[in-house]
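Each chain, written out:
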Amino acid sequence: MKLSPAQRAEFHREGYLVVEDLLTDEDLQPVIDEINEEVDRRARELVASGDLSRPYEEEGFETRLTRITAETEKLYRGIYSGQLSGPGIFQLLTNPKLVDLAESLVGPEIIASSVYRLRPKVPRLPSGVVPWHQDSGYFEPACDDALVLTYWIPLVDATPERGCMQVIPRVHQGRVFRHTVQPVIPYLVIVPEEMPPVEPVTVPVRKGGVLLLTNRTPHCSIENVTDVIRWSMDLRYQSAALPTNYRTDDGHPFHDPPDATPVACYPPEADFLVRSQLRPWDVVTEWLRFNEIRKTYQSLPVTARWDH
Ligand SMILES: O=C(O)CCC(=O)C(=O)O
């Protein structure tokens, strides 16, 4: 499925778009199963090491990590963000439905990024609340004017009470606002004096739906005040014509001559090619290759432009 002209227009006008019912249980269950297995394995290890009283195996996906986190945050800290990289995650990143929609916005040569995040927003856990930022705040300034597309994908229904996302619409055509590092939980946050005076939109998304964002769309997420873990993933795609640290199978830079600066829109993590008409032989189709790319990548810093 491609985005319709109306959906494309809405995305470009508002800076975000919700596509309901894009993914089925068949698309999402492999990654959910993989997370459940990881939680189960790690819970048993924590019981064995004396950090956890019991594995809470009677609890399901929506509640087990909350019970565990009430005793120890070790499991949460070991799986959140981009730490897991199993076949289920690779399957989601390369899901043709997501890549097809991305093609409507970034073109047919598509790089996916290891800047994917797993977010188990455990009820009332302060680090689950992400402050107002633009993803470009984290990226290289050279990519400010390009589109790095984010898919925000809930793995359970994401309601306002469960801490869904909020966005500021119609300001993504402007510049990247000044960011600073938030105290205590070191997320980047737009400095208060630069926050656009525009009413935020709260964006609930049901499981199966996706929220698309640009890298200059200010967004945040709100507190989870329920008893259900708001599991979600956010994935990122860009045109292969932009700076990328992807190396072909034989280790060559993707661009010839190589793009010197910057090496990628987000140099700390590895890129990989997910679709190409020009160089189909360079597309990463196997999980083992994806995993090797991520594990062997030599992380590089982003150009410092805020106080971090
Ligand atoms: O999922 C969240 O709570 C925040 C996600 C986010 O900030 C992002 O995708 O950039």
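Residues numbered from 1 in each chain as written. Predicted model: local features only at pLDDT ≥ 70, side-chain atom pairs only at ≥ 80, totals over all residues. Heavy atoms only, no water.

Asks: Before we go on, may I ask you to explain the side chain of threonine 217 in this structure?
Replies: Looking at the element boundaries, threonine 217 is found in the loop between strand 9 (210-213) and strand 10 (219-221). For threonine 217, a relative accessible area of 0% gives the class buried. (Helix = DSSP H or I, 4+ residues; strand = E, 2+ residues; numbered from the N terminus. Buried < 20%, exposed > 50% of the residue type's maximum accessible area, 1.4 Å probe, protein only.)

Asks: Could you clarify how one ought to interpret the site of the ligand in this entry?
Replies: The ligand sits among 13 residues. The nearest are His133, Trp152, His219, Ser221 and Arg230. Within the side chain of histidine 133, an N or O atom sits 3.3 Å from an oxygen atom of the ligand. Compared with its free state, where it exposes 290 Å², the ligand has 99% of that area covered by protein. More than half of the atoms belonging to the ligand lie within 2 Å of the grid points that define the largest pocket. Counting residues per element, the ones that place at least two in the shell around the ligand are strand 10 and strand 11 (230-239). Top element by residues in the shell around the ligand is strand 11. It accounts for 4 residues. Considering only residue class, the shell around the ligand consists of 3 nonpolar, 5 polar and 5 charged. (Near = heavy atom within 4 Å. Polar contact = N/O pair within 3.5 Å; in protein donor to acceptor, adjacent residues only side chain to side chain. Areas by Shrake-Rupley, 256 points an atom, 1.4 Å probe, with all protein chains shown as cover. 1 Å grid on protein atoms, 1.4 Å probe; cavity = no way out; pocket = protein on both sides within 12 Å on 5 of 7 lines; lining within 4 Å. Sits in = over half its atoms within 2 Å of the grid points. Nonpolar A, V, L, I, M, F, W, Y, C, P; charged D, E, K, R; others polar.)

Asks: How should I be thinking about empty space enclosed by the protein in this particular structure?
Replies: Once rolled over the atoms, a probe with the size of a water molecule shows which space is left empty. Summed over the entire model, instances satisfying the criterion amount to 2 cavities of 30 Å³ or more. The volume enclosed by the largest cavity comes to roughly 60 Å³. Contributing to the lining of the largest cavity are Ile111, Ala112, Ser113, Val115, Phe139, Val148, Arg236, Tyr237, Gln238, Cys265, Tyr266 and Asp271. Those elements that provide at least two residues to the lining of the largest cavity are strand 2 (110-113) and strand 11. When grouped by side-chain class, the residues that make up the lining of the largest cavity number 8 nonpolar, 2 polar and 2 charged. Size it by volume and the second largest cavity reaches roughly 30 Å³. In this structure, the second largest cavity is lined by Asn36, Val39, Gly60, Phe61, Arg64, Leu65, Ile229 and Trp231. Elements supplying a minimum of two residues to the lining of the second largest cavity: helix 2 (25-48) and helix 3 (64-71). The residue inventory of the lining of the second largest cavity, partitioned by class, reads 5 nonpolar, 2 polar and 1 charged. (Points joined across faces, edges and corners; volume = space filled by probe spheres on them.)

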